[in-house]
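What follows is each chain in one-letter form.
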Amino acid sequence: AQSVTQPDIHITVSEGASLELRCNYSYGATPYLFWYVQSPGQGLQLLLKYFSGDTLVQGIKGFEAEFKRSQSSFNLRKPSVHWSDAAEYFCAVGGESYGKLTFGQGTILTVHP
Amino acid sequence: DAGVIQSPRHEVTEMGQEVTLRCKPISGHNSLFWYRQTMMRGLELLIYFNNNVPIDDSGMPEDRFSAKMPNASFSTLKIQPSEPRDSAVYFCASSTARPTFGSGTRLTVV
């Protein structure tokens, strides 16, 4: 069975600081990995995805994520956080049916000025 | 590209009533998914369709829930009868290689 663990329920950073959100997955085959962001009362917006190839993927809004097969991880990073990045972030794993995703419980990001 | 369109955005209904949620996927996307989001259980896949055919409905919680996709541009999720524990945000997503989510329907059953 596939699963995703986001160990941090809530992270607080100062504006301008770097950010890393952790994601560990369990999947029996080559995973397709995603990061989504959700602002309060809104839907989920895709930040980036990994299917194959280069293990460092770039996404929108200055985010990047690195796939590490040996660690079963797909951590999300941003070098300098902006106040507008405050939201909830979800890591998800799927297979050949691209929308059949299993989500982590989410990490709430708070940004202090 | 108008994205995935869900209606209504908000629905408040009384226990026992029938509720129908609607979704228009992105044109050309051949897969459609219904997810439910709650504080307790997070985001759960309820059912998904491929080329209008239901493929996996193992996430549908009870027989009170049903979903249809009569054509490539429309899907419904129906709850009959509704119960307070059905209160949640219901998302529709469509996909080829990049799952795109609608804005969701916030359902409150009182």
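For the structure itself, consult the block above.
Residues numbered from 1 in each chain as written. Chains lettered and ligands numbered in written order. Predicted model: local features only at pLDDT ≥ 70, side-chain atom pairs only at ≥ 80, totals over all residues. Heavy atoms only, no water.

Caption draft 1: Up close: the overall build of chain A. Helix and strand content of chain A: 0 helices and 12 strands. Reading the secondary structure of chain A in the N-to-C direction produces β-β-β-β-β-β-β-β-β-β-β-β. Taking 2.2 N^0.38 as the reference for a compact globule, 113 residues should give roughly 13 Å; the C-alpha atoms of chain A span a radius of gyration of 13 Å, in line with that estimate. For chain A, the spread of C-alpha atoms along the principal axes amounts to about 40 × 30 × 20 Å. Counting every position in chain A, which comprises 113 residues, the buried fraction comes to 46%. By sequence separation, contacts in chain A at least 24 residues apart represent 54% of the contacts at least 6 residues apart. Charge centroids of chain A, computed over 8 positive and 9 negative side chains, lie 5 Å from each other. (Helix = DSSP H or I, 4+ residues; strand = E, 2+ residues; numbered from the N terminus. Rg over C-alpha atoms; globule rule 2.2 N^0.38 Å. Buried < 20%, exposed > 50% of the residue type's maximum accessible area, 1.4 Å probe, protein only. Contact = heavy atoms within 4.5 Å. Lys, Arg positive; Asp, Glu negative; His and termini not counted. Charge placed at Lys NZ, Arg CZ, Asp CG, Glu CD.)

Caption draft 2: Examining the overall build of chain B more closely. Of the regular secondary structure elements, chain B holds 0 helices and 11 strands. For 110 residues, the compact-globule formula gives about 13 Å, and the C-alpha radius of gyration of chain B, at 13 Å, lands near that figure. Taking the principal axes of its C-alpha atoms as reference, chain B extends roughly 35 × 25 × 25 Å. Sequence separation of 24 or more characterises 52% of the internal contacts of chain B that already satisfy a separation of 6 or more.

Caption draft 3: Representation of the interface of chain B and chain A in the model. Facing the 20 residues of chain B at the interface are 18 residues of chain A. Approximately 1500 Å² of surface area, both sides summed, lies buried where chain B meets chain A, with 56% of it carried by carbon and sulfur atoms. The three residues of chain B that bury the most area against chain A are Leu-43, Pro-99 and Phe-101 of chain B, which together make up 32% of that side's buried surface. Counting the contacts that link chain B with chain A gives 1 salt bridge. Lys-100 of chain A is the partner of Asp-56 of chain B in a salt bridge, and the nearest nitrogen-oxygen pair spans 3.0 Å. Viewed at the interface, chain A and chain B are joined by 5 residue pairs in polar contact (both at pLDDT 80 or more). (Buried area = accessible area lost by both parts, 1.4 Å probe. Salt bridge = Lys/Arg side-chain N within 4 Å of Asp/Glu carboxyl O. Polar contact = N/O pair within 3.5 Å; in protein donor to acceptor, adjacent residues only side chain to side chain.)

Caption draft 4: Seen up close, the packing of aromatic side chains. Inspection of the entire model under this criterion finds 16 aromatic pairs over all chains. Note on Phe-33 of chain B and Tyr-48 of chain B: the rings are 5.1 Å apart at their centroids and 20° apart in plane angle, and the pair reads as stacked. Taken together, the residues Phe-33 of chain B in strand S4 (residues 31-38) and Tyr-48 of chain B in strand S5 (residues 42-50) connect sequence positions 15 residues apart. Assigned by exposure class, Phe-33 of chain B and Tyr-48 of chain B land together as buried. Summarising the aromatic geometry, the rings of Tyr-35 of chain B and Phe-101 of chain B are spaced 5.4 Å apart at their centres and angled 45° between planes, so their arrangement reads as tilted. Separated by 66 residues along the polypeptide, Tyr-35 of chain B in strand S4 and Phe-101 of chain B in strand S10 (residues 100-101) bring together distant segments of the chain. In this structure, Tyr-35 of chain B and Phe-101 of chain B share a single accessibility class: buried. Looking at Lys-49 of chain A, its charged tip hangs above the ring of Phe-51 of chain A, at a distance of 5.9 Å from the centre. (Phe/Tyr/Trp six-rings, centres within 6.5 Å; stacked < 30°, edge-to-face > 60°. Lys NZ or Arg CZ within 6 Å of the ring centre and 35° of its normal.)

Caption draft 5: Here's a closer look at the sheet that holds strand S3 (residues 19-24) of chain B. All names here are of chain B. Reading across from one edge, S1-S3-S8-S7 is the order of the 4 strands in this open sheet, with antiparallel pairing throughout. Only two strands of the sheet have a single neighbouring strand rather than two, namely strand S1 (5-7) and strand S7 (65-71). Adjacent strand axes in the sheet meet at a mean angle of 15° when their direction is disregarded. (Pairing = 2+ DSSP bridges. Axes fitted to C-alpha atoms, helices over the stretch in contact; angles between N-to-C directions.)

Caption draft 6: Quick peek at the environment of Leu-19 of chain A. Residue and element names in this part refer to chain A. Mapping Leu-19 onto the fold places it in strand S3 (residues 19-21). Leu-19 sits 18 residues away from Val-37 along the chain, and the two C-alpha atoms are 14 Å apart. Once you skip the residues sitting within four places of it in the chain, Leu-19 turns out to touch Ile-11, Val-13, Phe-63, Leu-76, Arg-77, Lys-78, Val-81 and Leu-109.

Caption draft 7: Inspection of the side chain of Thr-107 of chain A at higher detail. All names here are of chain A. Here Thr-107 is to be found in strand S12 (residues 107-112). With relative accessibility at 1%, the residue Thr-107 sits in the buried group. A distance of 2.6 Å separates a polar atom in the side chain of Thr-107 from the backbone oxygen of Asp-8. Residue contacts for Thr-107: discarding those within four places in its chain leaves Gln-6, Asp-8, Ile-9, Ile-11, Leu-21, Ala-87, Glu-88 and Tyr-89.

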